[in-house]
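Fold and geometry: a report
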Amino acid sequence: WRSVKSGALGMGGSDAVLQEQEDWTSLFVPGRVCLFGEHSDWAGEYRRVNPSVSRGATIVVGTNHGVHARVRRHPNSLIVRSCDFNGKVHSLTMPMEEKELLQTAREGGYFSYVAGVAYRLATDFHVSGLELDNYLTDLPMGKGLSSSAAICVLVARAFNTLYNLRLTTRGEMEYAYQGEIVTPSKCGRMDQACAFGRPVVMHYDADVLLVENMKFPKAPLHYLLVDLNSSKSTKEILASLREAFPHPRTDMHRGVQRLLGEINLHIVERAKEAFENGDGAELGRLMNEAQAYFFEYAQPACPTQLTMPVLRSVLTHAGVNDLVYGGKGVGSQGDGMGQLLCRSEEDQQRLAALLKAEFGMTSIPVTISDKKT
């Protein structure tokens, strides 16, 4: 048996709780922004079958937006109330039975990620049930900010906290990843970096994942994440780029491998230094360089999704360029979200107003400074 419901609710939050609040444990998992290295996470995993593929590397930071929830144990059921970014409430009630959890995960519905992670943990730890009240989500969905991975990490962290599973943050990430790939989604390991909530460099070498903590920048970095008010198909982008792996068959495939390999490694190495020094001008130049290479090598592999006319119009706008050091795409790229590095906090505010007035676009400010995001 399984009960799934959806309904409308204003203001992006749920006033109702499943029981008295003192019975709950509060959790928050942020979204994440990949500053550099998108797609190199899954590309580096192909070294398992073709050692000539370059390893991958990404620079990832957490956001101050994410998923907020209260959780507690349940003796035998998975009960979830989830309020999405638009204020719509979805609910699920189902038994903590491995077969049913796996079926729900594979169906690819709204609760597939929750069910996938619960399935992995039920299989390995024989945990009982969970009640999860996701009363607020202030992270937009489908925009390259890892909203799905944040939900997966939230579920893994909830079970880990409530059942004292003694998982490290890396362990929570692993179960979140294993739960997500049970679903039709074929994400890479980078997405679960939202579990860290701080700047990190992640290195991908076949099945080996190395995580390197970064220093917070010496001077504040003022990013603006802009919703491009368009759409993209991450599934199509991934399918097209994966055609170049593990063994390239055309010059275009070799270009994709070079982009996600040696070119990316060189940019990430320089970007890490610029980030930690708080050197916005150099970081902006590297953003522009990375995006130019992406247009050159990735666009031919998936022209329907990676021509990105909306992102291009923002990046080439004279008024925008007066306020930023540089800009590039977010997540899988495509016309979902863009990231712009502003010259100052005042320019961050001016840019948000300009994008709203000129393009009708909303944005999320993310400022990264010494141990504060």
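Presented here is an overview of the structure given in this document. Just so you know, the residues in each chain are numbered from 1, in the order the chain's sequence is written. In keeping with the model being predicted, local features are shown solely for residues with a pLDDT of at least 70 and side-chain atom pairs are shown and tallied solely at 80 or more, while totals for entire chains, interfaces and linings include all residues. Excluding hydrogens and water, the side-chain values take into account all heavy atoms of the structure.

**Remarks on the overall build of the protein**
The condition that has to hold: Where helices and strands are cited, they refer to DSSP runs of H or I of at least four residues and of E of at least two residues respectively, numbered from the N terminus. We take the radius of gyration over the C-alpha atoms and set the globule estimate at 2.2 Å times the residue count to the 0.38 power. Residues count as neighbours in contact if any of their non-hydrogen atoms are within 4.5 Å of one another. Computed with a 1.4 Å probe, the accessible areas rest on the Shrake-Rupley method; for each residue, only the protein chains presented here act as cover. For the charge count, each Lys or Arg is scored as positive and each Asp or Glu as negative, with His and the chain ends excluded. The atom standing in for a charge is NZ when the residue is Lys, CZ when it is Arg, CG when it is Asp and CD when it is Glu.
For the protein, the helix and strand inventory stands at twelve helices and twelve strands. For the protein, the C-alpha radius of gyration of 20 Å lies close to 21 Å, the compact-globule estimate for 373 residues. Counting only C-alpha atoms and orienting by the principal axes, one finds that the protein spans roughly 55 × 50 × 35 Å. Pairs at least 24 apart in sequence give 75% of the contacts found in the protein among residues at least 6 apart. Total accessible area computed for the protein in this model is approximately 15600 Å², and 49% of it derives from carbon and sulfur atoms. Computed over 39 positive and 42 negative side-chain charges, the inter-centroid distance for the protein is 2 Å.

**A word on helix α6 (residues 234–242)**
This is how it is decided: Exposure classes here rest on a 1.4 Å probe applied to the protein chains alone. A residue is buried below 20% of its type maximum, exposed above 50%, and partly exposed in between. Comment: arc refers to directions from the helix axis out to C-beta atoms.
If you check which residues of α6 are buried, you get I237, L238, S240 and L241. Mapping the buried residues of α6 onto a view down its axis gives an arc of 165 degrees, with all of them on the same face. Structurally, α6 contributes buried residues whose contacts are with α1 (40–45), α7 (251–277) and α9 (303–306).

**Here we look at the sheet that holds strand β10 (residues 324–329)**
Counted only if it meets this: When DSSP finds two or more bridges between two strands, those strands count as paired. Only the stretch in contact is used when a helix axis is fitted, and all axes are lines through C-alpha atoms; the angle between N-to-C directions ranges over 0 to 180 degrees.
Pairing in this open sheet of four strands is antiparallel, and the strands run β10-β11-β9-β12 from one edge to the other. Whereas interior strands pair on both sides, the edge strands pair on one side only; in this sheet they are β10 and β12 (363–368). Geometrically, the sheet is characterised by an average inter-axis angle of 20 degrees between neighbouring strands, direction not taken into account. For β10 and strand β11 (residues 337–342), the ladder comprises five bridges, and the chain directions are antiparallel. In the sheet register, G329 faces β11, and the bridge partner there is G338. On the sheet, helix α8 (residues 280–297) packs against β9 (221–227), β10 and β11 and is oriented at approximately 35 degrees with respect to β10.

**Comments concerning the packing of helix α4 (residues 147–163) against helix α5 (residues 169–180)**
We count it as follows: Between 65 and 115 degrees an angle is taken as roughly perpendicular, under 35 as roughly parallel, over 145 as roughly antiparallel, and anywhere else as oblique. The sense of a crossing depends on the near helix, which, turned anticlockwise from the far helix by less than a right angle, makes the crossing left-handed and, turned clockwise, makes it right-handed. Residue polarity follows a fixed list, in which Ala, Val, Leu, Ile, Met, Phe, Trp, Tyr, Cys and Pro are nonpolar, Asp, Glu, Lys and Arg are charged, and the others, Gly among them, are polar.
In contact at an axis separation of 8 Å, α4 and α5 are set at 125 degrees when each is read in the N-to-C sense. The pairing of α4 with α5 is recorded here as oblique in orientation. Judged by the sense of rotation from one axis to the other, the crossing of α4 with α5 is right-handed. Counting all contacts with α4, which are made through S148, A149, C152, V153, A156, R157 and N160, the residues of α5 involved are T169, E172, Y175, A176 and E180. Each residue belonging to the contact of α4 with α5 can be placed in one class, and the counts come to six nonpolar, three polar and three charged.

**Notes on the environment of N264**
So the rule is basically this: Identification of polar contacts relies on pairs of N or O atoms within 3.5 Å, with a donor-acceptor requirement for protein atoms, meaning one able to donate a hydrogen and the other able to accept it, and with residues adjacent in sequence counted only if both atoms are side-chain atoms.
Locating N264 in the fold gives a position in helix α7. As a C-alpha pair, N264 and L225 span 39 residues in sequence and 21 Å in three-dimensional space. When near neighbours in sequence (up to four residues on either side) are disregarded, N264 contacts F36, G37, S40, A57, R258 and L259. Side-chain polar atoms of N264 contact the backbone oxygen of A57, separated by 2.9 Å.

**Structural notes on unusual backbone geometry**
Here the amide bond leading from F245 into P246 is cis, since omega sits at 0 degrees, within 30 degrees of zero. Counting through the fold element by element, P246 comes out in the loop between α6 and α7. At M308, a residue that is not glycine, the phi angle is positive and equals roughly 55 degrees. You can see M308 is positioned in the loop between α9 and α10 (309–315).

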